[in-house]
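# Per-entry structural report
Listed below are the residues making up each chain.
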Amino acid sequence: MVRGGDFLTVDDAGTVVRDGAVAVHEGEIVAVGTAEELGRRFTAAESLDAAGCLVLPGLINTHTHLAMTLLRGRADDVTLQGFLERVLRWEAELLTPKNVAAAVRVAVAESVRAGVTSALDMYWFHEAAERAARESGWRLLTGPTFMDVPEPPDRLAYEDRMEWARRDLEARGRARGGRRPVVFAHSTYTLSPGQLTEIAALAREFGALLHIHAAENATEVATVEVRYGKRPVELLDSLGLLGPDLLLAHAVELTGPEIAALARTGTSVAHCPVSNLKLGCGIAPVPRLLSAGVTVGLGTDGAVSSNTLDVLGAVRQAALVHKASGDPTAVGAERAVRMATIEGARALGLGEQLGSLETGKRADLIVLDLSAPHLRPLHDPWSTLAYAAHSADVRDTVVDGRVLMRDRVLTTLDEETVIADLEALV
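Here's what I pulled together on the structure shown here. (Residues numbered from 1 in each chain as written. Predicted model: local features only at pLDDT ≥ 70, side-chain atom pairs only at ≥ 80, totals over all residues. Heavy atoms only, no water.)

Another aspect to go through is the overall build of the chain. The number of helices and strands found in the chain is 16 helices and 20 strands. Relative to the globule expectation of 22 Å for 426 residues, the C-alpha radius of gyration of the chain, 21 Å, shows essentially globular dimensions. C-alpha extents for the chain along the principal axes are approximately 65 × 45 × 40 Å. Counting only residues that meet the buried cut, the chain has 60% of its 426 residues in that class. Per element, the accessible surface of the chain, about 15,900 Å² overall, is 50% carbon and sulfur. Computed over 42 positive and 57 negative side-chain charges, the inter-centroid distance for the chain is 2 Å. (Helix = DSSP H or I, 4+ residues; strand = E, 2+ residues; numbered from the N terminus. Rg over C-alpha atoms; globule rule 2.2 N^0.38 Å. Buried < 20%, exposed > 50% of the residue type's maximum accessible area, 1.4 Å probe, protein only. Areas by Shrake-Rupley, 256 points an atom, 1.4 Å probe, with all protein chains shown as cover. Lys, Arg positive; Asp, Glu negative; His and termini not counted. Charge placed at Lys NZ, Arg CZ, Asp CG, Glu CD.)

Now the structure itself:
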């Protein structure tokens, strides 16, 4: 049980429970209420005292490349295309299952410290990443990645990759326990329309989420338009790929009709404001997407293009950057926090299992220490989270009812060891 403090449930009503509590059994939230009420109803085998703190759902990273921690700081101050030229070369040289596992362990440690309890990870050697995350108790959604480049790090040709992906999905099974199968198609400029169609058919056969980069910057859009006569989102729409089982990463360069198509089909977007700004890609039209009814979650992208996996930092950036239009209400504090929690869960197709503190959902939550001067007084928890809080304010992190960080000490990872293992590779 977690008890004491203010509980920001992020339910539809935005309920805040003062001196609240959450009761957990076998990784599931079984009750939410006041500490007094739940104290009468339940006897806790383990508890976290959150008095003087703010308790909220764990943050969800809807687009990242976790093992890019291996390359952090090696591709700064370049365009997206310059970034890709460098990173693709380094990946071919450096990536192995062992190296990916080491890099993911550091990414998990960083994420847990930042209050991130789930991530959608598109990268090579996903089995090694998944194993590293599972050993630490952290929630990772990953799966086969398709990117038709001359020398992929795993050296699998496209045809062999399709067979391998099918075996992976058959072994993985259907969605359960806050997880679901995922298939990653890198982009419309690294895969042909025929390949994209085959990959989407495979994903839908297994009820998997399909995740793809799309419309990240103007150069990408122009490249795809010259090659196929359609912009990336137009191409995906013409192929019948848009839909509630598709999540687009970035979606910076969108037209009005493309936004309407996303809304019409129920396609979701992973907004990565920090990465988009750092690579000079621009600012995604998030207020227009939201007005159209598109579900938008938040992502950090990899630790090369954003340099951190700090979702709370993305919350602040999302709440601020869209105000540059002159409208301070473009993306408000509550909306930005919801994008990092319940809307992120919905973008992953897991809104019934993650993203809010409600009975029947998985027990993913974080405890934010409110004792620091920059967090006082607490007039409005949404405002505090969006405009004042830092990832270093996270005191405890819980995933599936398991405490992965208690009093700012990781419980399932040895930080010194995982950092040393990564440093030995660079």
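Once that is clear, we can look at the nonpolar core. Counting residues in hydrophobic clusters, the biggest one holds 120 residues, and the most contacted among them are F83, W138, F146, I199, L210, L248 and L262. Considering every element that reaches this core, the biggest residue donor is helix α3 (residues 97-113), with nine residues. In this view, I199 contacts F146, Y158, M162, V183, A185, L191 and L210; residues no more than four positions away in its chain are not counted. Grouped together as the second largest cluster of nonpolar side chains are 15 residues, V22, V55, A363 and V403 included. (Core = buried A, V, L, I, M, F, W, Y, C linked by side-chain atoms within 4.5 Å. Contact = heavy atoms within 4.5 Å.)

The next thing to look at is helix α15 (residues 381-388). Within the span of α15, buried status applies to P381, W382, T384, L385 and A386. Where α15 is buried, its residues contact β2 (6-8), β3 (16-17), β7 (53-57), α12 (311-321), α13 (333-339) and β17 (365-369). For α15, the N-terminal capping position is held by D380, with its side-chain oxygen 3.0 Å away from the main-chain nitrogen of W382. (Polar contact = N/O pair within 3.5 Å; in protein donor to acceptor, adjacent residues only side chain to side chain.)

Turning next to the sheet that holds strand β12 (residues 182-185). Here six strands make up an open sheet; going across it, the order is β11-β12-β13-β14-β15-β16 and the pairing parallel. Looking at strand neighbours, the two that pair on one side only are β11 (145-146) and β16 (296-298), the edges of this open sheet. (Pairing = 2+ DSSP bridges.)

This part is about the packing of helix α5 (residues 158-172) against helix α6 (residues 193-205). Two elements in contact, α5 and α6, have axes separated by 11 Å at closest approach and are oriented at 10°. By the angle between their axes, α5 is roughly parallel relative to α6. Here α5 contributes Y158, M162, A165, R166 and L169 to the contact with α6, which in turn contributes Q195, E198, I199, L202 and E205. A breakdown of the residues in the contact of α5 with α6 according to their chemical character gives six nonpolar, one polar and three charged. (Axes fitted to C-alpha atoms, helices over the stretch in contact; angles between N-to-C directions. Parallel < 35°, antiparallel > 145°, perpendicular 65-115°, else oblique. Nonpolar A, V, L, I, M, F, W, Y, C, P; charged D, E, K, R; others polar.)

Here the structure, examined in full by the defined rule, presents 26 salt bridges. For R18, the salt bridge is made with D6, and the minimal N-O distance between the two is 3.0 Å. With R18 in the loop between β3 and β4 (20-25) and D6 in strand β2, this pair connects stretches of sequence that are 12 residues apart. Given the relative accessible area of 49%, R18 is considered partly exposed. D407 is paired through a salt bridge with R395; the nearest N and O atoms lie 3.7 Å apart. Of this pair, D407 sits in the loop between β19 (402-406) and β20 (409-410) while R395 sits in strand β18 (residues 394-399), placing them 12 residues apart in sequence. Sharing partners across several salt bridges, the network here consists of R139, R179, R362, D364 and D400. (Salt bridge = Lys/Arg side-chain N within 4 Å of Asp/Glu carboxyl O.)

Moving on to the sheet that holds β3. Within the open sheet, the seven strands sit side by side as β3-β2-β7-β17-β18-β19-β20. Their pairing is mixed. The open sheet has two free edges, formed respectively by β3 and β20, since each of these has just one partner strand. Strand direction decides the pairing type here: β18 and β19, joined by three bridges, are antiparallel. Following the sheet pairing, V399 is matched in β19 by R402.

Axis separation between α3 and helix α4 (residues 126-136) bottoms out at 8 Å; the angle between their running directions is 40°. As the angle between them shows, α3 and α4 are arranged oblique. Here α3 runs over α4; the crossing is right-handed. Counted together, P97, V100, A101, V104, R105 and V108 of α3 and A128, A129, A132, A133, E135 and S136 of α4 form the full contact between these two elements. Split by residue class, the contact of α3 with α4 holds nine nonpolar, one polar and two charged. (Left-handed = near helix turned anticlockwise from the far one by under 90°.)

The next subject is the environment of A386. Within the element layout of this structure, A386 appears in helix α15. Residue classification places A386 among the buried residues on the basis of a relative accessible area of 0%. For the pair A386 and L312, spaced 74 residues apart in the sequence, the C-alpha separation amounts to 7.5 Å. Other than its neighbours up to four places away in sequence, A386 contacts V315, R316, A319, A333 and V337.

For the coordinates displayed, the defined rule picks out one aromatic pair. Taking the ring centre of W90 as reference, the NZ or CZ of R74 above it sits at 4.1 Å. (Phe/Tyr/Trp six-rings, centres within 6.5 Å; stacked < 30°, edge-to-face > 60°. Lys NZ or Arg CZ within 6 Å of the ring centre and 35° of its normal.)

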